[in-house]
Structure formats: structure tokens, C-alpha cells
Amino acid sequence: MHSFELRPNSSLTPRAAVFFYGSLAALVLGVALGCAALGLWPILPFAGLELAVLYWAVKWVMHRAEAREYIRVDDASVLIEKCASDRRGGTSRNAYAFARRWTRLELCPGRPAHWPSRLVLSSQGRSVEIGAFLTDGERLGLKDRLAEVLADDARRSNGTLERN
């Protein structure tokens, strides 16, 4: 059995996110309060709006960083489980099971050409995209490794694997 765990690259830890937001909030509020003290009070609502948008953006980045995809390939099946945190703090899970023998792997180019490619596993009329958060290079590497695993398992199930 072969197992893969996919997750987005995230260099922003929760502690670093708090520090980042706190330091920018202090800077923005310091400038806004200084301007308000000089009589430029209309800056305060815009500073608040800026901080609200920044807070939303940091929360969104942290939320997206929690996504996980698990792929398990055994002799009979390919199992894919996609996990993502939902807005209420829980986790949503979607599971897909394909018969390994009929599973096909396809790297679809982006349309238009400068958009990211898509890595799709399909079997018997059903398909699922995997690794959407990976870079094109990482997606290509995953495709090559999965193709190797699927081909190795196919040779083993056909009895054509040589023993040394």
C-alpha cells in the first residue's frame, strides 16, 4: 500500500499571524490616531476598515492552510479523502473510492495557458481533482509518482513483476 498526504505550503504559523496582524494594527492605529490628533479625524474610519479587511485576509489564509488531501493506493483501490476546515471550526471530509484497475491519471493543462494545470484521477465516469493547491512543478512530480505507483501495482496484479 502507498499513502500520500498533500497539504498547502504555509509559512505563516498561528503565532506568526497574530504577531503580523498585531504589529500592523499598532502601526495603522498609531498613524490614524496621530492624524486624528492633528484634526484629520476622517482617517479613523478608513483605518478601521483597513484593519477589518486585513483581519479577514489573515483568517482566510489561515483557514486555507488547514486543507489536507490523503491518497491511498492498494492492490484493489485508490482512496482519496479531502479534508478542509469549515467556517464553524469543524472539519468537512469528502471521500472518493476508485477501482485501482480502472483508475486513470491525467494532468490537464490550464486554460488559458498561463493558468495552473489540473491533476485529475478518474474511473468509470467519475473524476476528482487532486492537489489544486500545489504548484505546477509539485503537481507534475505527484503525477509522475502516482503514475509509477499505479503502473507498479498493475504489473504486480498481472503477475509480470520479476522476483530477484
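Residues numbered from 1 in each chain as written. Predicted model: local features only at pLDDT ≥ 70, side-chain atom pairs only at ≥ 80, totals over all residues. Heavy atoms only, no water.

Q: Explain the pattern of salt bridges to me, please; I cannot follow it from the model alone.
A: Side-chain pairs of opposite charge can arise where the charged atoms are in close proximity. Counted according to the given criterion, the structure contains six salt bridges. For the salt bridge of R139 with D136, the shortest nitrogen-to-oxygen distance reads 2.6 Å. Note that R139 and D136 are positioned in helix α3 (residues 136-158) at a spacing of three residues, about one turn of the helix. (Salt bridge = Lys/Arg side-chain N within 4 Å of Asp/Glu carboxyl O. Helix = DSSP H or I, 4+ residues; strand = E, 2+ residues; numbered from the N terminus.)

Q: Which parts of the structure should I look at to understand the packing of helix α1 (residues 14-37) against helix α2 (residues 43-64)?
A: The axes of two packed helices give the description: the angle between them and the distance between them. It is the contact of α1 with α2, at a shortest axis distance of 9 Å, that shows an interaxial angle of 170°. One way to sum up the angle between α1 and α2 is to call them roughly antiparallel. Mapping the contact onto sequence places P14, A17, F20, Y21, L24, A25, V28, L29, A32, L33, C35 and A36 in α1 and I43, L44, A47, E50, L51, L54, Y55, V58 and M62 in α2. For the contact of α1 with α2, the residue count by class is 20 nonpolar, no polar and one charged. (Axes fitted to C-alpha atoms, helices over the stretch in contact; angles between N-to-C directions. Parallel < 35°, antiparallel > 145°, perpendicular 65-115°, else oblique. Contact = heavy atoms within 4.5 Å. Nonpolar A, V, L, I, M, F, W, Y, C, P; charged D, E, K, R; others polar.)

Q: What is the right way to read unusual backbone geometry from this model?
A: With an omega of -5°, the peptide bond between R111 and P112 qualifies as cis. Locating P112 in the fold gives a position in the loop between β5 (104-108) and β6 (118-123). You will see that Q124, though not glycine, has its phi angle at about 50°, which is positive. Position of Q124 relative to the elements: it lies in the loop between β6 and β7 (126-130).

Q: Any chance you could explain the sheet that holds β7 here in plain terms?
A: Where strands meet in a sheet, backbone hydrogen bonds hold them as pairs that are either parallel or antiparallel. Reading across the sheet, the three strands line up as β5-β6-β7 and stay open at both edges, with antiparallel pairing between neighbours. Since the sheet does not close on itself, it has two edges, and those belong to β5 and β7, each with one partner. Sheet twist, expressed as the mean angle between neighbouring strand axes with direction ignored, is 25°. (Pairing = 2+ DSSP bridges.)

Q: Looking at this structure, how should I read α2?
A: Side chains three or four residues apart in an α-helix point the same way, a direct result of the helix having 3.6 residues per turn. The end-to-end C-alpha distance of α2 is 32 Å, a good match for the 32 Å that 22 residues give at a rise of 1.5 Å each. Restricting attention to buried positions, one finds in α2 the residues A47, L51, V58 and M62. Projection of α2 onto a plane perpendicular to its axis shows the buried side chains occupying an angular sector of 40°, all on one side. Looking at α2, the residues exposed on the side facing more than 90 degrees away from the buried face are P45, F46, L49 and W56. Those residues of α2 that are buried lie in contact with α1. (Expected span 1.5 Å × (residues − 1). Buried < 20%, exposed > 50% of the residue type's maximum accessible area, 1.4 Å probe, protein only. Arc of directions from axis to C-beta.)

Q: Is there a simple way to explain the packing of aromatic side chains in this structure?
A: By the definition in use, this model includes two aromatic pairs. Ring plane angle 70° and centroid distance 5.7 Å describe the contact between Y21 and Y55, whose orientation is recorded as edge-to-face. You can see Y21 sitting in helix α1 and its partner Y55 sitting in helix α2, a full 34 residues away along the chain. Residue Y55 is classed as partly exposed on the basis of its relative accessible area of 44%. (Phe/Tyr/Trp six-rings, centres within 6.5 Å; stacked < 30°, edge-to-face > 60°.)

Q: Any chance you could explain the pairing of β7 here in plain terms?
A: In regular strands, side chains alternate between the two faces of the sheet. Pairing geometry for β6 and β7, over five bridges, is antiparallel. Bridging across to β7, V120 finds its partner in E129. What sits between the antiparallel neighbours β6 and β7 is a turn of two residues, in which Q124 has the positive phi angle 50°.

Q: What should I look at first to understand the environment of V58 in this one?
A: Looking at the secondary structure, you find V58 in helix α2. V58 sits 11 residues away from A47 along the chain, and the two C-alpha atoms are 16 Å apart.

Q: Can you walk me through the nonpolar core in this structure?
A: If you look at soluble globular proteins, the nonpolar side chains tend to sit buried side by side. Membership of the largest hydrophobic core comes to 16 residues, with the highest contact counts inside it found for I71, V78, I80, I130 and L142. Listed by contribution, the elements that provide at least two residues to this core are β1 (2-6), β2 (68-73), β3 (77-85), β6, β7 and α3. With four residues, α3 is the largest single contributor of residues to this core. If we skip the residues at most four places from it in the chain, V78 touches I71, R72, V73, Y96, A97, F98, R100, T103, L121 and L150. If you look at the next biggest cluster of nonpolar residues, it comprises five residues, including A25, V28, A32 and A47. (Core = buried A, V, L, I, M, F, W, Y, C linked by side-chain atoms within 4.5 Å.)

Such coordinate-based values are descriptive only and should not be taken to indicate function.
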